[in-house]
Amino acid sequence: MTTYKGFNGFNVTTYAADPVATAAWTTGGALNTGRNNTGGVGTATAAAVAGGADDPAGYTNTTEEYDGTSWTEVTNYPASRTYIGTAGSQTAGLFIAGGSPPTGDCFKYDGTTYTSTGSLGTVVKQGAATGIQTLALYCGGETPPLTDMTEEFNGSTWSSGTAMNTPRNNNICFGVQTDAVTVGGSAPDGPNTWKAEEYNGSAWTVGNILNTGREFGGGPGAGTASTAGMVAAGSSPTISGTYSNEAESYNGTTWSVKSATLTQKRGGASGTRAPTTAYLMTGGTPGYLTSTETYSENSEPNTFLNEGDVWYNSTSYALKFFDGTDIKTVTTS
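Residues numbered from 1 in each chain as written. Predicted model: local features only at pLDDT ≥ 70, side-chain atom pairs only at ≥ 80, totals over all residues. Heavy atoms only, no water.

## Concerning the side chain of Ser 270
With respect to the helices, strands and loops of the structure, Ser 270 is situated in strand β25 (residues 270–271). A distance of 3.5 Å separates polar atoms of two side chains, one belonging to Ser 270 and the other to Thr 38. For Ser 270, the side chain forms a polar contact with the main-chain nitrogen of Gly 40, separated by 3.4 Å. Ignoring any residue separated from it by four or fewer positions in sequence, one finds Ser 270 in contact with Thr 38, Gly 39, Gly 40, Val 49, Gly 219, Leu 280, Met 281 and Thr 282. (Helix = DSSP H or I, 4+ residues; strand = E, 2+ residues; numbered from the N terminus. Polar contact = N/O pair within 3.5 Å; in protein donor to acceptor, adjacent residues only side chain to side chain. Contact = heavy atoms within 4.5 Å.)

This is the structure we're talking about:
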């Protein structure tokens, strides 16, 4: 009996699900309280946001949790505050500093209760954080003025780390405490502020520049390593009231603009530390947005389709191919 492989002379890859032609941002459940510059933790299916500005006159202490479909109000944050840095997950989160006025207060979150923990050594707001609840990193911000400070958290106390090369606020972080990236921020130092800086736990090294300068990007950025991260949205550091719907990925050397754009241009949004293939963003400006979007890339094979691709779908038991426009099933007559 002649096999398909033998007849055609090449292997046919097997997938449990058909590849997708493009990556995309899809709309999810709306926040109950529209807000910007919140603190966010978690993943696209288990997230939490706290605080933020919800009207021109003040800030909120509302916390909401997301299950991948809808947001639910839960325990209030201990203070009405904005510009909160974050690390960790929905059930093991760390909410750091913020303002206004600036503060060094920090709180752990277990999915139900907030507990006060060691304070930053610097009273600061509008910096960026990343990592996990017991090994977190905080950098930049303003005291004021702008600062190049770095502090590391060991689960109970903060200690000073090596200063960044460029003072900045409204920056974005991703990665872990010993393998992190910060990028973007306000424009006093121009393009230097838009260059990535990579942290190895002891020193910051200057990396390459974003394709689009941005501040107030979705924070935190996505990714747990300096060689595989992603930032999205944000405000223009030079043109007031201008927002972005673009995302850029970083491979440790180069920033690449993603083909898919958010449906809503926004700044001051809350991100999650989900994988770069499943990044959630919610809230932000202009105004006090409630909308939520999730970025997704197909995980099997996690590449875009090319015309002529052939594969076997082991779920539907069908041989398929892509004709450049549609996915077709091979039939016999």
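Here the narrative resumes, following the displayed structure.
## A closer look at the pattern of salt bridges
Side chains that differ in sign of charge can pair as their charged atoms come close. Here the structure, examined in full by the defined rule, presents five salt bridges. Residue Arg 81 pairs with Asp 105 through a salt bridge whose shortest N-O separation is 3.8 Å. Within this pair, whereas Arg 81 is found in the loop between β8 (71–73) and β9 (85–88), its partner Asp 105 is found in strand β11 (residues 103–109), the two being separated by 24 residues in sequence. For Arg 81, a relative accessible area of 10% translates into the label buried. Asp 105 gets classed as partly exposed once you look at its relative accessible area, which sits at 31%. Between Arg 266 and Glu 293 there is a salt bridge, with the nearest N and O atoms lying 3.0 Å from each other. Taken as a pair, Arg 266 in the loop between β24 (255–257) and β25 and Glu 293 in strand β27 (residues 292–296) lie far apart in primary sequence, 27 residues in all. (Salt bridge = Lys/Arg side-chain N within 4 Å of Asp/Glu carboxyl O. Buried < 20%, exposed > 50% of the residue type's maximum accessible area, 1.4 Å probe, protein only.)

## What about the packing of aromatic side chains?
Tallied over the entire structure, the rule returns 14 aromatic pairs. Measuring from centroid to centroid gives 5.7 Å for Phe 95 and Tyr 114, while their planes differ by 75 degrees, and the two rings are edge-to-face. Here Phe 95 is found in strand β10 (residues 93–98), whereas its partner Tyr 114 is found in strand β12 (residues 114–117), with 19 residues between them in sequence. Using a relative accessible area of 0% as the deciding quantity, one classes Phe 95 as buried. Taken together, the ring pairs connect Tyr 77, Phe 95, Phe 107, Tyr 109 and Tyr 114 into an aromatic cluster. (Phe/Tyr/Trp six-rings, centres within 6.5 Å; stacked < 30°, edge-to-face > 60°.)

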